[in-house]
Amino acid sequence: MQDVMEIIGGVMDFAGVLVIAAGVLAALVDFGVRYVRTREAAGLYTLCRQSVGRAILLGLELLVAADIIRTVAVSPTFQSVGVLAVIVAVRTFLSFSLQVELEGRLPWRAEPPREPSR
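Just so you know, these numbers come straight off a predicted model, no measurement behind them.

### Some thoughts on the packing of helix α2 (residues 42-74) against helix α3 (residues 78-103)
Packed helix pairs are specified by the crossing angle of their axes together with the interaxial distance, meaning the distance between the axes.
And then number 1: At a closest axis distance of 10 Å, the pairing of α2 and α3 adopts a crossing angle of 165°. As summarised for this structure, α2 and α3 are arranged roughly antiparallel, according to the angle between their axes. Helix-helix and strand crossings are classified by hand; for α2 and α3 the assignment is left-handed.
And then number 2: Here the residues of the contact of α2 with α3 are counted per class, giving 13 nonpolar, six polar and six charged.

Right, here's the structure in full:
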């Protein structure tokens with residue numbers, strides 16, 4: 001059973017890295033295509049940053065899941081759980097920081113009202 005959990009954790013790690021890499025690549029390709037069409041980089045930069053941030057957030061979630069699976073299922077010692085707690089805390093802080101930067105507000109703040117479309 002431990003071998004299966006280790007394999008699942010490894011697959012989740014790979015998926016997390018793959019999501020980040022593919023998301024960054026897709027955001028850069030999208031930026032390039034849109035820039036060639038419009039020759040306007042100002043608005044595209046923000047859109048690209050948001051796309052990269054979303055890819056990193058999703059990848060971090062998968063990496064945290066992989067760490068949890070491996071630590072809890074494979075080697076549940078106090079030391080490994082302590083290391084997991086530190087890793088999860090750092091990744092959670094990164095996720096929180098990215099989300100605040102992407103949305104421009106703290107998660108517990110209400111979303112500002114949108115202006116009506118005409």
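### Describing unusual backbone geometry
And then number 1: Its identity is not glycine, yet R39 carries a phi of approximately 60°, on the positive side.
And then number 2: Inspection of the secondary structure puts R39 in the loop between α1 (2-38) and α2.
And then number 3: Judged by relative accessible area, which is 55%, R39 ranks as exposed.

About the criteria used
Residues numbered from 1 in each chain as written. Predicted model: local features only at pLDDT ≥ 70, side-chain atom pairs only at ≥ 80, totals over all residues. Heavy atoms only, no water. Axes fitted to C-alpha atoms, helices over the stretch in contact; angles between N-to-C directions. Helix = DSSP H or I, 4+ residues; strand = E, 2+ residues; numbered from the N terminus. Parallel < 35°, antiparallel > 145°, perpendicular 65-115°, else oblique. Left-handed = near helix turned anticlockwise from the far one by under 90°. Nonpolar A, V, L, I, M, F, W, Y, C, P; charged D, E, K, R; others polar. Buried < 20%, exposed > 50% of the residue type's maximum accessible area, 1.4 Å probe, protein only.

Function cannot be inferred from these measures alone, as they are strictly geometric.
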